[in-house]
Amino acid sequence: NENSALIGMMNRAKKTLFIQQNSIRKKWGSKNDPMHKTPDLPLEAVIAAARRGVKTRVLLDGTWYNVTGDDDRNNDDTVALLNGIARREGLDLRAKVINLDTTHLVKIHAKGIIVDDNEVFVGSINWTENSFKGNREVGVVVTHPKIAGYYADLFRRDWAQSRMYTTTLNESVRLSSTLKGVPGGSLH
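Note that this is a predicted model, so its numbers are computed, not measured.

1. Quick notes on the sheet that holds strand β4 (residues 55-60)
Argument step 1. Read across the open sheet, the six strands follow the order β5-β4-β1-β6-β7-β8; overall the sheet is mixed. For this open sheet the edge positions go to β5 (93-97) and β8 (139-143), each flanked by a neighbour on one side alone. Taking each pair of neighbouring strands and ignoring which way they run, the sheet shows an average axis angle of 10°.
Argument step 2. Note: strand β1 (residues 16-21) against β4, six bridges, orientation parallel. Bridged to Gln21 within β4 is Leu60.

Okay, here's the thing in structure tokens:
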């Protein structure tokens, strides 16, 4: 329903829209169905919010089965799609696959939406065609700044701690107090 529930919430966003999901596919339909071209309706609402000028952040699960392989419906492909749209259109839209190591989480199983730090949805609804059309799902929308603020703070924590890449040094590294070849270069 474009006036209530999930899509209605996203349509009401004026300032911020935060999405935390287990997975979001670029299109609905079966991987084996060559006609799986149906738009993912909630994903379209996310993009529409960003196009209206809403600061939009999407954080998706990074568990191996949601980001590996050549399935173009994985979370890393959805993140690439959203960030590509943002770059091309100059939108305040950013998407990440959560870094489970730096956030100290096992996975994102949450299905949540936070609108303008005032309204929050929590529930079981995956953003798959089957969840919207065939499953018995449950969700609650709460309009209250303290409750929405609590979830917004958790989202911001996960977002900030979800660095894109980490690395481990296998050898010790000697740091210099100056950067050779850089005028006035020094490390502080």
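2. Observations concerning the nonpolar core
Argument step 1. Among the nonpolar cores identified, the biggest contains 30 residues, and Met10, Leu17, Ile19, Val46, Val58, Ile113 and Trp127 are the most heavily contacted of them.
Argument step 2. Counting residues per element, the ones that place at least two in this core are α1 (5-12), β1, α2 (41-51), β4, α3 (75-89), β5 and β6 (111-115).
Argument step 3. The contact partners of Met10, leaving out residues within four places of it in the chain, are Leu17, Ile19, Pro42, Ala45, Val46, Ala49, Arg52, Ile113 and Trp127.

3. Looking at α2
Argument step 1. Listed in full, the buried residues belonging to α2 are Pro42, Leu43, Ala45, Val46, Ile47, Ala49 and Ala50.
Argument step 2. Two residues or fewer past α2, Gly53 is found with a positive phi of approximately 100°.

4. Here's the deal with the pattern of salt bridges
Argument step 1. Applying the stated criterion across every chain yields a total of six salt bridges.
Argument step 2. Among the salt bridges present, the one from Arg12 reaches Glu119, with a minimum N-O distance of 2.7 Å. Here the residue Arg12 occupies a position in helix α1, and Glu119 occupies one in strand β7 (residues 119-123), the gap between them amounting to 107 residues.
Argument step 3. Residue Glu119 is classed as buried on the basis of its relative accessible area of 10%.
Argument step 4. Between Arg157 and Asp158 there is a salt bridge, with the nearest N and O atoms lying 2.3 Å from each other.
Argument step 5. Owing to a relative accessible area of 34%, Arg157 belongs among the partly exposed residues under this scheme.
Argument step 6. Through salt bridges that share partners, Asp117, Asp153 and Arg156 make up one connected network.

Calculation rules
- Residues numbered from 1 in each chain as written.
- Predicted model: local features only at pLDDT ≥ 70, side-chain atom pairs only at ≥ 80, totals over all residues.
- Heavy atoms only, no water.
- Pairing = 2+ DSSP bridges.
- Helix = DSSP H or I, 4+ residues; strand = E, 2+ residues; numbered from the N terminus.
- Axes fitted to C-alpha atoms, helices over the stretch in contact; angles between N-to-C directions.
- Core = buried A, V, L, I, M, F, W, Y, C linked by side-chain atoms within 4.5 Å.
- Buried < 20%, exposed > 50% of the residue type's maximum accessible area, 1.4 Å probe, protein only.
- Contact = heavy atoms within 4.5 Å.
- Salt bridge = Lys/Arg side-chain N within 4 Å of Asp/Glu carboxyl O.

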